[in-house]
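Chain residues, written in single-letter form:
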Amino acid sequence: MILFLLVTILFVHNDLWAQQLNNNFKKIQIRTMEGLRITYLDERTGSRITSPKYDEGQDFYDGVTTVSTAGKAGAIDTLGQEIIPLVYSKVWLLGDRMFAVSKSGSRFALANDRGILLTQEVYDEFQGFSFGYCGVRKGNKWGYLDRTGKPIGLIDYDQVEPFYNNIGKVGKKSGQENMQFEAVLNAGFINEKGALVFPLKYNYSKSKVSNKIVLALDSWVTNQNGYGISTTTYA
């Protein structure tokens, strides 16, 4: 219990520190000879971290933000350094200081905060990072990547949800349709190695993961305590 409280306090402290760090940098517009340009003001020192040279920019998150000028996008850190060079048509911040980048504008690669491409531009869509993993779509199938760009198991699911701790919820079409003629998904759960720890047989909309409990339900049937009868703990 003491260890749990210490970890919780450390997590909350780090989260508050990161939030305060992001709040220290304010996006401002300055009129230049070329028109209005964006830069960022470090409110702790009153100094700009870059010259006013960007057409667009987002708020800081995890100490980084995306910027663009003349139709080319990249990213900077709180020192004003361009950690993702402005050579891409699209750059998305995924959290954990990771990015989806695209030169083609249609497919994306994964890049880290040193500007290193970890994959080729082969993915059509990214989810944000959660517990070290992000969901990706390639064609019409979904899967996960880790922070090195390595796929976690197969990219062969019809839907995935963000990882929670060391488990992720995945879904595959059952071949049936609901009353709205939408495909019915069967839910399962995979671990960080991509292995199914709960098979693809549960009701997707009624199954979820929270803390160390997986609610893998076929229906809303509950026991006398109000908990799903299929509640299962996992290591």
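What you see is a predicted model; the values in this text were computed from it and never measured.

## Quick notes on the overall build of the protein chain
Counting its secondary structure elements, the protein chain contains one helix and 20 strands. For the protein chain, the residues scored as buried account for 39% of the 235 residues in total. Across the protein chain, every contact between residues at least 6 apart in sequence was considered, and the portion connecting residues at least 24 apart equals 27%. Of the roughly 13,700 Å² that the protein chain leaves accessible, carbon and sulfur atoms contribute 53%.

## A word on the packing of aromatic side chains
For the structure shown, the criterion picks out eight aromatic pairs. Ring centres of Tyr123 and Phe126 lie 5.8 Å apart, and the angle between their planes is 75°; this geometry places the pair in the edge-to-face category. For Tyr123, a relative accessible area of 6% puts it in the buried group. A relative accessible area of 8% means that Phe126 is categorised as buried. By the ring-pair criterion, three or more aromatic residues cluster together here, those being Phe25, Tyr40 and Phe60. Above the plane of the ring of Tyr204 lies Lys169, whose end atom (NZ or CZ) is 4.0 Å from the centre.

## Considering the sheet that holds strand 9 (residues 98-102)
Strand pairing in a sheet takes place through backbone hydrogen bonds and is either antiparallel or parallel in direction. Spatially, three strands are ordered 8-9-10 in an open sheet, and the strand pairing comes out antiparallel. Only two strands of the sheet have a single partner each, and these edge strands are strand 8 (90-95) and strand 10 (109-111). Adjacent strand axes in the sheet meet at a mean angle of 30° when their direction is disregarded. Pairing of strand 8 with strand 9, which is carried by five bridges, proceeds in the antiparallel orientation. Within strand 9, the residue paired with Trp92 across the bridge is Ala100.

## Some words on the sheet that holds strand 5 (residues 64-69)
Taken together, the four strands give an open sheet; going across it, the order is 4-5-6-7, and neighbouring strands pair in antiparallel fashion. The open sheet is flanked by strand 4 (56-57) and strand 7 (82-88), the only strands paired with a single partner. Pairing between strand 4 and strand 5: two bridges, direction antiparallel. Within the sheet, the bridge partner assigned to Glu56 lies in strand 5 and is Ser68.

## Looking at the pairing of strand 17 (residues 196-203)
On a regular strand, one side chain projects to one face of the sheet and the next to the other, so that they alternate. Here four bridges tie strand 16 (residues 183-191) to strand 17, and the two strands are oriented antiparallel to one another. Among the inter-strand pairings, Phe189 is bridged to a residue of strand 17, identified as Phe198. The antiparallel hairpin formed by strand 16 and strand 17 contains four residues in its connecting segment, where Gly194 sits at a positive phi of about 85°.

## A closer look at the side chain of Thr119
Checked against the element boundaries, Thr119 lands in the loop between strand 10 and strand 11 (125-126). Of the polar contacts made by the side chain of Thr119, one reaches the backbone nitrogen of Leu110; its length is 3.0 Å. If sequence neighbours within four positions are ignored, Thr119 has contacts with Ala109, Leu110, Leu145 and Gly149.

Criteria and thresholds
- Residues numbered from 1 in each chain as written.
- Predicted model: local features only at pLDDT ≥ 70, side-chain atom pairs only at ≥ 80, totals over all residues.
- Heavy atoms only, no water.
- Helix = DSSP H or I, 4+ residues; strand = E, 2+ residues; numbered from the N terminus.
- Buried < 20%, exposed > 50% of the residue type's maximum accessible area, 1.4 Å probe, protein only.
- Contact = heavy atoms within 4.5 Å.
- Areas by Shrake-Rupley, 256 points an atom, 1.4 Å probe, with all protein chains shown as cover.
- Phe/Tyr/Trp six-rings, centres within 6.5 Å; stacked < 30°, edge-to-face > 60°.
- Lys NZ or Arg CZ within 6 Å of the ring centre and 35° of its normal.
- Pairing = 2+ DSSP bridges.
- Axes fitted to C-alpha atoms, helices over the stretch in contact; angles between N-to-C directions.
- Polar contact = N/O pair within 3.5 Å; in protein donor to acceptor, adjacent residues only side chain to side chain.

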